[in-house]
Amino acid sequence: MEATMKNILLLVHADDGQEARLQTALDLTRALDGHLTCIDVTQSPVVAGDLYAGFGEAVMLTDERENEAKNRAALTERLSHEDVRWDWTDATGDIASCVLEAATLADLIVLNRTLDAYPLPDMRTIASRILMHARKPIVAVPENLERLNAAGRALIAWDGQASAADTMRACVPLLQLASDVHIFMARDGAEKTEPTEAAEYLSRHGVHASVKIVDDGLHAPDALIAEEAALWHADYVLMGAYSHGRLLEAFGGVTKRMLTKSKLPLVLGH
């Protein structure tokens, strides 16, 4: 039986990245003929301890709840006019923890990479925590993304490690929608599985991918990935996160830099 990817989990929170997240989640839910679950998080405030900390925390939490109530009313009104199946859950607490609790049956989680215009919430840290603990793919999008073209061009950044293979396998239903798939590898000698083997695997699922391998020990992998994605006009990048190949360790923080700088949506798995 062919794999499916039907349950899309969306972080709802009134911040600068919400519109991009929402549009991405709608695009994916439509493309995959799936179901959208919205987890609306009222973030618990953190106040330095003193005699008035409890009072200040209560006031801040009340304000946050009022903001999220307005946000919920606006978004549920919008969703009622969209052609997707959806449901809604409210939660209060730390954003990453609330999303993780809701992610048990999710196939794909829609988040942001780092927000450029405003540092809070710290979306890179949130995405990293969820990625590390949810053990399922996330989609991390820039805050200015207008849509995700699931039927467009998918670049797989291949390092030959288990996380890349696991992410690719989990995302076969998404890759089957792509018009073109391109597997790109910057060889470093640490790869366990060749990109040609990944292409053969995909071909058995009806996905016919091109393969490109470069030998470049001078440039950071994330820079090479970004350059190839631009040259190939990719619509999104799929990759394993927090791998431990020699080159990735040597340059360090490849996943974090991608979550900080990527101009394209990232489909990441660990």
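Now for a quick tour of the structure.

## A word on the overall build of the chain
Then, in step 1: When helices and strands are counted, the chain shows 10 helices and 10 strands.
Then, in step 2: Here the chain, with 270 residues, has 50% of them falling under the buried criterion.
Then, in step 3: Counted over contacts in the chain with a minimum sequence separation of 6, partners at least 24 positions apart contribute 82%.
Then, in step 4: For the chain, the accessible surface area stands at approximately 12,700 Å², while carbon and sulfur atoms represent 53% of it.

## Observations regarding the packing of aromatic side chains
Then, in step 1: Taken as a whole and assessed by the stated rule, the structure comprises 0 aromatic pairs.
Then, in step 2: Lying across the ring of Trp 232, Arg 153 places its NZ or CZ 4.0 Å from the centre.

## Section: unusual backbone geometry
Then, in step 1: Cis peptide bonds are those with omega within 30 degrees of zero, and the linkage from Leu 120 to Pro 121 qualifies with -5°.
Then, in step 2: Secondary-structure assignment places Pro 121 in the loop between strand S4 (108-112) and helix H4 (123-134).
Then, in step 3: Despite not being glycine, Arg 135 shows a phi value in the positive range, around 60°.
Then, in step 4: Considering the arrangement of structural elements, one finds Arg 135 in the loop between H4 and strand S5 (138-141).
Then, in step 5: Even without being glycine, His 233 reaches a positive phi, approximately 60°.
Then, in step 6: Tracing the backbone shows His 233 in the loop between helix H8 (221-232) and strand S9 (236-240).
Then, in step 7: The class of His 233 is exposed, set by a relative accessible area of 60%.

## Looking at the environment of Ala 117
Then, in step 1: Relative to the helices and strands, Ala 117 resides in the loop between S4 and H4.
Then, in step 2: Placed 26 residues apart in sequence, Ala 117 and Glu 143 show a C-alpha to C-alpha distance of 8.4 Å.

## Topic: the layout of surface pockets
Then, in step 1: The calculated volume of the second largest pocket comes to roughly 290 Å³.
Then, in step 2: Taken together, 15 residues line the second largest pocket, and the ones lying closest to its centre are Ala 226, Lys 261, Ser 262, Lys 263 and Leu 264.
Then, in step 3: At the level of secondary structure, the elements contributing two or more residues to the lining of the second largest pocket comprise H8 and helix H10 (254-261).
Then, in step 4: Classifying every residue of the lining of the second largest pocket gives 9 nonpolar, 2 polar and 4 charged.

## Describing the packing of helix H3 (residues 95-102) against H4
Then, in step 1: For the pair H3 and H4, interaxial distance at closest approach is 9 Å and the crossing angle is 30°. The element H3 and its partner H4 pack so that their crossing is right-handed. Listed contacts from H4 to Ile 95, Ala 96, Ser 97, Val 99 and Leu 100 of H3 are Ile 126, Arg 129, Ile 130, His 133 and Ala 134.

Cut-offs applied
Residues numbered from 1 in each chain as written. Predicted model: local features only at pLDDT ≥ 70, side-chain atom pairs only at ≥ 80, totals over all residues. Heavy atoms only, no water. Helix = DSSP H or I, 4+ residues; strand = E, 2+ residues; numbered from the N terminus. Buried < 20%, exposed > 50% of the residue type's maximum accessible area, 1.4 Å probe, protein only. Contact = heavy atoms within 4.5 Å. Areas by Shrake-Rupley, 256 points an atom, 1.4 Å probe, with all protein chains shown as cover. Phe/Tyr/Trp six-rings, centres within 6.5 Å; stacked < 30°, edge-to-face > 60°. Lys NZ or Arg CZ within 6 Å of the ring centre and 35° of its normal. 1 Å grid on protein atoms, 1.4 Å probe; cavity = no way out; pocket = protein on both sides within 12 Å on 5 of 7 lines; lining within 4 Å. Points joined across faces, edges and corners; volume = space filled by probe spheres on them. Nonpolar A, V, L, I, M, F, W, Y, C, P; charged D, E, K, R; others polar. Axes fitted to C-alpha atoms, helices over the stretch in contact; angles between N-to-C directions. Left-handed = near helix turned anticlockwise from the far one by under 90°.

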